[in-house]
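# An overview of the molecular structure
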Amino acid sequence: MKLRWTRKNLIPLVVLAFLVLPSYSVSSFAEQKKDKQTKPPVIKAGQVIELRKIDQLKEAFQRDTGKVRLVTILSPT
Amino acid sequence: MQKVLKEVSDDRVTVYIIWDPIFGGKFDNETKKLSSSFPDKRISYFKDPDSLAGNLWERVLKTEREIAWDVYLLYGAEAQWDKEPPQPDFWMHQLGGVTIAPHLDVEKFTEELKGLLNKPGSKDLKKVKQ
């Protein structure tokens with residue numbers, strides 16, 4: 001018997017696929033995607049960030065509330 | 001600052017080192033070289049070619065210069081930056097003629113840093129590692 005790919009045949013297959021797939025894989029995929037969107041980029045030790053807007057510093061300062069913050073402005077030359 | 005950070009290894013301290021081009025020269029090269037010479041996961045290095053930070057903190061510190069630089073500022077755990085950076089809880093400098101804050105004394109600065117970490121108001125903070 002030859003299977004014909006009609007909409008009527010596909011619906012039960014899609015339902016079956018959702019039942020077979022573990023639900024956590026769907027939710028963990030969603031969490032991974034969310035993490036990628038919300039987590040700030042990882043800054044490597046010694047990496048220098050170019051300050052284009054003062055808001056970059058403000059965001060870092062506010063994000064680190066709860067820590068003691070040491071700020072220093074220096075001339076490298 | 002290396003001496004201070006070696007003395008206080010506590011990871012509840014976060015450090016922003018901002019490089020401003022006060023004397024010109026090879027700003028980019030020196031910035032890169034100095035930043036890589038002391039990597040510490042607690043430090044964020046910022047290159048500030050337009051002296052945005054220096055101008056901003058001058059309004060806060062009033063060192064009577066165009067740009068505040070060679071300044072060392074400490075903010076406690078509860079400090080909040082609203083419209084402008086808040087007044088530091090403690091600060092020092094290495095500038096001639098500035099009398100509104102003490103000249104940098106590494107030992108004193110280190111003590112102040114430890115004091116902020118041990119401040120009773122900082123209830124979420126753990127004890128200082130020494």
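Quick notes on the rules
- Residues numbered from 1 in each chain as written.
- Chains lettered and ligands numbered in written order.
- Predicted model: local features only at pLDDT ≥ 70, side-chain atom pairs only at ≥ 80, totals over all residues.
- Contact = placed C-beta atoms within 7 Å.
- Helix = DSSP H or I, 4+ residues; strand = E, 2+ residues; numbered from the N terminus.
- Nonpolar A, V, L, I, M, F, W, Y, C, P; charged D, E, K, R; others polar.
- Pairing = 2+ DSSP bridges.
- Expected span 1.5 Å × (residues − 1).
- Buried ≥ 20, exposed ≤ 12 C-beta atoms within 10 Å, placed from the backbone.
- Arc of directions from axis to C-beta.
- pLDDT = per-residue confidence, 0-100.

### Re the interface of chain B and chain A
You'll often see interface size given as the accessible area lost when the parts meet. Between chain B and chain A, the contact holds 52 residues from the first and 28 residues from the second. Taken together, the elements giving at least two residues each to the side of chain B that touches chain A come down to strand E1 (13-19), helix H2 (27-37), strand E2 (43-47), helix H3 (52-61), strand E3 (71-75) and helix H4 (106-117) of chain B. Of the residues belonging to the side of chain B that touches chain A, the class tally is 31 nonpolar, 10 polar and 11 charged. Two strands pair when backbone bridges link them, and strand E1 (residues 48-50) of chain A and E2 of chain B are joined in this way by 3 bridges, in the parallel orientation. Within E2 of chain B, the residue paired with Glu50 of chain A across the bridge is Lys47 of chain B.

### Details of H4 of chain B
The α-helix winds at 3.6 residues per turn, so residues separated by three or four positions along the chain end up facing the same way. All names here are of chain B. If you check H4, its first and last C-alpha atoms are 17 Å apart, about what 12 residues at 1.5 Å a residue would give, namely 16 Å. Considered for burial, the residues of H4 that qualify are Phe109, Leu113, Leu116 and Leu117. Buried residues in H4, looked at end-on, bunch into an arc of 105°, giving them a common side.

### Here's the deal with the environment of Gly76 of chain B
All names here are of chain B. Inspection of the secondary structure puts Gly76 in the loop between E3 and strand E4 (90-93). The buried category is assigned to Gly76, around which 20 C-beta atoms lie within 10 Å. As a C-alpha pair, Gly76 and Gly115 span 39 residues in sequence and 9.5 Å in three-dimensional space.

### Digging into unusual backbone geometry
Backbone geometry places Ser51 of chain B, a non-glycine residue, at a positive phi of 55°. For Ser51 of chain B, the location among the structural elements is in the loop between E2 and H3.

### A few points about the confidence of the model for chain A
For chain A, per-residue confidence averages 75 on the pLDDT scale, and residues scoring 70 or more make up 56% of the total. Looking at the elements of chain A, mean pLDDT is at its lowest for helix H2 (residues 23-38) of chain A, recorded as 57, and at its highest for strand E2 (residues 68-74) of chain A, recorded as 97.

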